[in-house]
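Chain and residue survey
Listed below are the residues making up each chain.
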Amino acid sequence: MQDLHGYYLEDLEVGMSDSYEKTISEADVNLFAELSGDTNPVHLDEEYAAATPFKQRIVHGMFCGALISTVAGTKLPGPGCIYLDQQIKFKAPVLIGDTAKATGTIEEIDQRRRRVKMRTDVHVGDKLVATGYALLMVDKRG
């Protein structure tokens, strides 16, 4: 069987970075609402959303969190890492049709505890829409 493991702790260096980009469709928002149970009408109802400060439906904030999780779980450090903590600040709304790019950048590595602190940012174009930090547990070789 092919080794499906991502980076091992020994392979990581401060400054390493990777990202994942997705254009978010109406179907994505509806499916996220169904999967998460978050049926807030600001995400699902055009008429309701028109009366909010955003004037239109917005993507769930935690959709950005899911994009960050994609980076951590599939790219850097990748398969095998365990998500321990995430702090996230939402800076601006993401709209249906926007292309959101989540980026993780390693800022600290604790070899003894097998922990990696990664800065996590989500951008739509040049605009920072979410920012924070993830703490991940990463396997050592052998």
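Notes on the structure in this doc start here. Keep in mind it's a predicted model, so treat the numbers as computed, not measured. (Residues numbered from 1 in each chain as written. Predicted model: local features only at pLDDT ≥ 70, side-chain atom pairs only at ≥ 80, totals over all residues. Heavy atoms only, no water.)

Enumeration over the complete set of coordinates arrives at one aromatic pair. Ring geometry for Phe32 and Phe63: centres 5.3 Å apart, planes at 50 degrees, overall tilted. With a gap of 31 residues between them, Phe32 in helix α1 (residues 26-36) and Phe63 in helix α4 (residues 61-74) connect regions that are remote in the sequence. As far as burial versus exposure is concerned, Phe32 and Phe63 are alike and both buried. (Phe/Tyr/Trp six-rings, centres within 6.5 Å; stacked < 30°, edge-to-face > 60°. Helix = DSSP H or I, 4+ residues; strand = E, 2+ residues; numbered from the N terminus. Buried < 20%, exposed > 50% of the residue type's maximum accessible area, 1.4 Å probe, protein only.)

Turning to the pattern of salt bridges, a few remarks are in order. For the structure on display, the rule yields six salt bridges. The partner of Glu26 in a salt bridge is Arg57, with the nearest N and O atoms 2.8 Å apart. Here Arg57 lies in the loop between α3 (46-50) and α4 and Glu26 lies in helix α1, a separation of 31 residues in the sequence. For Glu26, a relative accessible area of 43% translates into the label partly exposed. (Salt bridge = Lys/Arg side-chain N within 4 Å of Asp/Glu carboxyl O.)

With that out of the way, let us pick up the environment of Ile58. With respect to the helices and strands, the residue Ile58 is situated in the loop between α3 and α4. A sequence separation of 42 residues divides Ile58 from Ala100, and the C-alpha atoms of the two residues are 13 Å apart. Apart from residues lying up to four places away in sequence, Ile58 is in contact with Val42, His43, Pro93, Val94 and Leu95. (Contact = heavy atoms within 4.5 Å.)

Bringing the side chain of Thr131 into the picture now. Its place among the elements puts Thr131 in strand β5 (residues 127-137). Within polar-contact distance, the side chain of Thr131 engages the side chain of Arg119 at 3.4 Å. Beyond its immediate chain neighbours, meaning those up to four positions away, Thr131 contacts Gln87, Ile88, Lys89, Lys91, Arg119, Thr120 and Asp121. (Polar contact = N/O pair within 3.5 Å; in protein donor to acceptor, adjacent residues only side chain to side chain.)

Here five strands make up an open sheet; going across it, the order is β1-β3-β4-β5-β2 and the pairing antiparallel. Of all strands in the sheet, those bounded by a partner on one side alone are β1 (17-23) and β2 (82-90). When the angles between neighbouring strand axes are averaged without regard to direction, this sheet yields 20 degrees. With respect to the sheet, α4 is in contact with β1, β2, β3 (99-110), β4 (115-124) and β5, its orientation differing from that of β2 by roughly 140 degrees. (Pairing = 2+ DSSP bridges. Axes fitted to C-alpha atoms, helices over the stretch in contact; angles between N-to-C directions.)

Between its terminal C-alpha atoms α4 stretches 21 Å, which fits the 20 Å expected from 14 residues at 1.5 Å a residue. Those residues of α4 that fall on the buried side of the exposure criterion are Phe63, Cys64, Gly65, Leu67, Ile68, Val71 and Ala72. Turning to α4, the residues buried within the fold contact β1, α1, β2, β3, β4 and β5. (Expected span 1.5 Å × (residues − 1).)

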